[in-house]
Amino acid sequence: MCRIGFIGAGTTGTALAVRLSEKGYSVVAVSSRSLSSAQKLARLINNCRVCRTAQELADVADLIFITTPDDVIPRVCCEVEWHEGQGVVHCSGAHSIDILEPARHQGASVGSFHPLQTFASAEQATNNLIGSTFAVEAEAPLLPKLKELASSLEGEWIELKPEDKVLYHMAATFTSNYLVTLIKIALDLWQAFGIPPARASQALLPLLRGTVNNIASVGLPNCLTGSISRGDIGTIQEHLEILKTRCPEMLAVYKELGIHTIPVALAKGKIDENKARDLKFLFTT
Ligand SMILES: NC(=O)c1ccc[n+]([C@@H]2O[C@H](COP(=O)([O-])OP(=O)(O)OC[C@H]3O[C@@H](n4cnc5c(N)ncnc54)[C@H](OP(=O)(O)O)[C@@H]3O)[C@@H](O)[C@H]2O)c1
């Protein structure tokens, strides 16, 4: 059986190690920058040894995941002596497998395996991982193995070309990270009329969940509701006036997002080209 090891015992490494082990894979070893992180991960898995160095780990595993921060992956890859028959995989969404060139040069198969998921902590990552989509990039014989791992984790896989990875990663940034930014903006607006973030967050969460449910059930463009979808020019003018006087720092982002919402409203069919032109005028002047 393939012996799996992890270099980097953070959120992603922990989630993958724990879940793959639960699915019957043999996770044999972990190493990390600090011994304590490696020990913490190893305690979660039966018969998983702690290695003091990445080299020690690479010497006892056949499939090695480098789950360090992106910027550290090339350095870790360079520091280890790899050999033929090994698979070396990183989990970065933006980088291609080229950053693992030193391992490929030494005869290892290289790949990337990116869980399209948000991991805020090891525990939450472990909970969220199952059922995620995984972006895979690898050459044979590693590619089918990575697809098999994605399926074992009850997820879909998508095979990406190296030149498409940055675009793919940016889409994840919009879907997850910038959603957080939008909620922060909404919380700031609530604070402008005196409601603290915790209370505002509690009030906005059902709206957020309803939106996500609508995206899942009716999809775009029909999930779009609100002033732009209805073409309520008067309401939007009021938004713009208030933003100018009370929250001018949010005016630019409001307008920019408005511009990108017009095509969705048009596609939904509740506004016509004339209304779309009027809306665009409001957002660009
Ligand atoms: N977080 C996400 O939402 C997410 C989602 C998908 C993919 N990813 C990808 O997963 C990878 C890891 O990200 P993460 O969020 O899991 O990072 P993380 O939680 O910060 O964990 C990174 C781990 O790498 C270890 N490390 C740092 N430098 C090291 C070195 N020189 N040698 C060995 N170990 C080292 C750290 O060690 P110590 O704890 O021992 O100090 C830490 O445990 C990245 O490629 C990222 O793009 C992340």
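Residues numbered from 1 in each chain as written. Predicted model: local features only at pLDDT ≥ 70, side-chain atom pairs only at ≥ 80, totals over all residues. Heavy atoms only, no water.

Caption draft 1: Representation of the overall build of the chain. Looking only at helices and strands, the chain has 13 helices and 8 strands in total. By its C-alpha atoms, the chain is 70 × 40 × 30 Å across when sized along the principal axes. Counting over 285 residues, the chain shows a buried share of 41%. Looking at the chain alone, contacts between residues at least 24 apart form 56% of all its contacts between residues at least 6 apart. Element-wise, carbon and sulfur atoms account for 55% of the exposed surface of the chain, whose accessible area totals about 15400 Å². The centroid of the 26 positive side-chain charges in the chain is displaced by 8 Å from the centroid of its 29 negative side-chain charges. (Helix = DSSP H or I, 4+ residues; strand = E, 2+ residues; numbered from the N terminus. Buried < 20%, exposed > 50% of the residue type's maximum accessible area, 1.4 Å probe, protein only. Contact = heavy atoms within 4.5 Å. Areas by Shrake-Rupley, 256 points an atom, 1.4 Å probe, with all protein chains shown as cover. Lys, Arg positive; Asp, Glu negative; His and termini not counted. Charge placed at Lys NZ, Arg CZ, Asp CG, Glu CD.)

Caption draft 2: Expanded view of helix H2 (residues 35-43). Within the span of H2, buried status applies to Ala-38, Leu-41 and Ala-42. Down the axis of H2, the buried set is contained in an arc of 100°. They therefore lie on one face. Along H2, the residues that are exposed and aim more than 90 degrees away from the buried face are Lys-40 and Arg-43. If you follow the buried residues of H2, they end up packed against helix H1 (11-22), strand S2 (26-31) and strand S3 (49-50). (Arc of directions from axis to C-beta.)

Caption draft 3: Structural context of the site of the ligand. In the vicinity of the ligand, 24 residues are found, and the nearest of them are Thr-12, Ser-32, Ser-34, Ser-37 and Asp-70. Between an oxygen atom of the ligand and a main-chain N or O atom of Ala-9, the distance comes to 3.4 Å. Note that an oxygen atom of the ligand is positioned 2.5 Å from one of the side-chain N or O atoms of Asp-70. Computed on the free molecule, the ligand has an accessible area of 900 Å², of which 78% lies beneath the protein chains in the complex. Counting residues per element, the ones that place at least two in the shell around the ligand are H1, helix H4 (73-79) and strand S6 (109-116). Per-class residue counts for the shell around the ligand are 9 nonpolar, 13 polar and 2 charged. (Near = heavy atom within 4 Å. Polar contact = N/O pair within 3.5 Å; in protein donor to acceptor, adjacent residues only side chain to side chain. Nonpolar A, V, L, I, M, F, W, Y, C, P; charged D, E, K, R; others polar.)

Caption draft 4: Layout of the environment of Gly-210. Residue position: Gly-210 is located in helix H9 (residues 197-217). The class of Gly-210 is partly exposed, set by a relative accessible area of 26%. Distance from Gly-210 to Glu-148, taken between C-alpha atoms, is 34 Å for residues 62 residues apart in sequence.

Caption draft 5: Focus on the packing of aromatic side chains. Scanning the entire structure with this criterion turns up 6 aromatic pairs. Each member of the aromatic cluster is reached from another via a ring pair, and the members are Phe-6, Phe-65, Phe-113 and Phe-134. (Phe/Tyr/Trp six-rings, centres within 6.5 Å; stacked < 30°, edge-to-face > 60°.)

Caption draft 6: Summary view of the domain arrangement of the chain. Domains assigned within the chain are domain 1 (3-160) and domain 2 (167-284). Between the C-alpha centres of domain 1 and domain 2 there is a distance of 38 Å. Taken together, the contact between domain 1 and domain 2 spans 7 residues of the former and 4 residues of the latter. Together domain 1 and domain 2 conceal approximately 480 Å² of surface at their shared face, both sides included; 71% is due to carbon and sulfur atoms. Counting the contacts that link domain 1 with domain 2 gives 0 salt bridges. Counting across the domain 1 and domain 2 interface gives 1 residue pair in polar contact (both at pLDDT 80 or more). Here the side of domain 1 that touches domain 2 is composed, by residue class, of 4 nonpolar, 3 polar and no charged. (Domains from an automatic or database assignment. Buried area = accessible area lost by both parts, 1.4 Å probe. Salt bridge = Lys/Arg side-chain N within 4 Å of Asp/Glu carboxyl O.)

Caption draft 7: The arrangement of the side chain of Ser-92 in detail. With respect to the secondary-structure elements, Ser-92 resides in the loop between strand S5 (87-90) and helix H5 (101-105). Polar contacts involving the side chain of Ser-92 include one to the main-chain amide nitrogen of Ala-94, which spans 3.3 Å. Looking at Ser-92, its side chain comes within polar contact range of the main-chain nitrogen of His-95, at 3.1 Å.

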